[in-house]
Each structure stands twice: as structure tokens, then as C-alpha cells.
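# Examination of the molecular architecture
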Amino acid sequence: MKRVKYGFGVVLVEMLTGLRALDTNRPSHQHNLVEWIKPHLSDRRKLKDKMDSRLEGKYPSRAAVQIAQLALSCLGPEPKTRPSMKEVVEKLEHIEAANERPKEPRVSSRHQTAYRYGQQPLHHRSPLHPRHDVNRAYPLPRRAY
């Protein structure tokens, strides 16, 4: 069996997939996680299928794609072209900051039309985004005495 170097790219791939780098219990072509997953990291749809199923799809897909791209650069064949640990940390911090920033709502013609007719537009909130207005939380049920 081949030895796998545990570089940061391998760790990122393990985190994305929830799988160990080497696992002989997987089908033979999947024993080595990096060799198996590498072709899938650059394709958004294929990546989605390979993500850790325990996440149940509850993760920012853009961040997953960015982390997969970072993992690919860390797994590059030439060590001199791989990012330094400092660059990896900076990229991860940038990805994290982009996901913490509240998104500005887009104003479409449908919303403008709704305002014109006195209707409130629908606001869709991703389950990944926490509510910022604590006062609007659902009240707890009262106890019966």
C-alpha cells in the first residue's frame, strides 16, 4: 500500500468528506482518499456528492468550493508551487470572513412591484444564517399551573 503524506491538503480533504486518508474498508479504487477525490474537487456538482453526509447539506456551498480549490492547490505535484501555511491560514480566514458577513438583499423588480401595491415582499432566509433580531424569536410555550 502507498504511503500518504499528511500535508494540509490531505487534512482539508478529510474535513470536506469526513473520510480518512487511507481506508482499506472502502472499495479498492477509493482506498487512497486523495487519489480518488482529487478529480472531483474542481467540479461543484461532484464535490457536493462527495461532501460529508453528516453535514446533511447544511454548509455554505461557496465556502466548500473555495476550500476544495485550496485543497487542490495544497495537493499540487510541485512542492514549490504549493501555498505556504501562512497563505493557507489567510485564505481560510478570508473564506470565514466572507461567510460571516451579512448579505445585502437584492432588490428585484418583483420586490419593487410588491412595494408599489402595498404588499410586503417575501424574504427567504437560509437555515445557515442565524437570526440577528433576537426579539423576533418564537416565544416559549407557557406552563400550565
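Remember, predicted model here, so these are calculated numbers, not experimental data. (Residues numbered from 1 in each chain as written. Predicted model: local features only at pLDDT ≥ 70, side-chain atom pairs only at ≥ 80, totals over all residues. Heavy atoms only, no water.)

### A few points about the overall build of the chain
- Summing up its helical and strand segments, the chain has six helices and zero strands in all.
- In the chain, the succession of α and β elements from N to C terminus is α-α-α-α-α-α.
- Per-residue burial for the chain yields a buried fraction of 26% across its 145 residues.
- Pairs at least 24 apart in sequence give 44% of the contacts found in the chain among residues at least 6 apart.
- Surface summary for the chain: the accessible area is close to 12200 Å², and the carbon and sulfur share equals 53%. (Helix = DSSP H or I, 4+ residues; strand = E, 2+ residues; numbered from the N terminus. Buried < 20%, exposed > 50% of the residue type's maximum accessible area, 1.4 Å probe, protein only. Contact = heavy atoms within 4.5 Å. Areas by Shrake-Rupley, 256 points an atom, 1.4 Å probe, with all protein chains shown as cover.)

### Some words on the pattern of salt bridges
- Under the criterion given, the structure shown has three salt bridges.
- In this structure, the salt-bridge partner of Lys58 is Glu56, at a minimum N-O distance of 3.7 Å.
- By relative accessible area, Glu56 is classed as exposed at 60%. (Salt bridge = Lys/Arg side-chain N within 4 Å of Asp/Glu carboxyl O.)

### Comments concerning the nonpolar core
- The biggest cluster of nonpolar side chains holds 24 residues, and the ones touching the most others in it are Val13, Leu41 and Leu47.
- Contributing elements (two or more residues each) for this core: α1 (8–17), α2 (33–37), α4 (61–74) and α5 (85–100).
- The element that contributes the greatest number of residues to this core is α4, accounting for eight residues.
- The residues contacting Val13, other than those within four sequence positions of it, are Leu33, Ile37, Leu41, Ala71 and Leu75. (Core = buried A, V, L, I, M, F, W, Y, C linked by side-chain atoms within 4.5 Å.)

### Some remarks on unusual backbone geometry
- The backbone of Glu56 shows a phi angle near 50 degrees, a positive value even though the residue is not glycine.
- With respect to the helices and strands, Glu56 occurs in the loop between α3 (44–50) and α4.

### Some remarks on the side chain of Asp23
- Within the secondary structure layout, Asp23 lies in the loop between α1 and α2.
- Here Asp23 is buried and forms no salt bridge, its nearest opposite-charge partner Arg26 lying at an N-O distance of 4.0 Å.
- Polar side-chain contacts of Asp23 include one of 2.9 Å to the backbone nitrogen of Asn25. (Lys, Arg positive; Asp, Glu negative; His and termini not counted. Polar contact = N/O pair within 3.5 Å; in protein donor to acceptor, adjacent residues only side chain to side chain.)

### Some thoughts on α4
- Between its first and last C-alpha atoms α4 spans 20 Å; for 14 residues at 1.5 Å apiece the expected length is 20 Å, and the two agree.
- Buried within α4 we find Ala63, Ala64, Val65, Ile67, Ala68, Leu70, Ala71 and Cys74.
- Where α4 is buried, its residues touch α1, α3 and α5. (Expected span 1.5 Å × (residues − 1).)

### Digging into the environment of Asp23
- For Asp23, a relative accessible area of 16% puts it in the buried group.
- Taking the C-alpha atoms as reference points, Asp23 and Leu33, separated by 10 residues in sequence, lie 7.8 Å from one another.

### What about α1?
- With seven of 10 residues buried, α1 lies mostly within the body of the structure.
- Three or more residues of α1 are buried, namely Gly9, Val10, Leu12, Val13, Glu14, Leu16 and Thr17.
- Tucked into the core, α1 has its buried residues touching α2, α3, α4 and α5.

### Notes on the confidence of the model for the chain
- Mean pLDDT for the chain: 79, with 66% of residues reaching 70 or above.
- Here helix α6 (residues 109–116) stands out as the element of the chain with the lowest mean pLDDT, 50, in contrast to α4, whose mean of 95 is the highest.
- Low pLDDT, under 50, characterises residues 133–138; the stretch is placed with one contact to residues that sit more than four places away or in other chains. (pLDDT = per-residue confidence, 0-100.)

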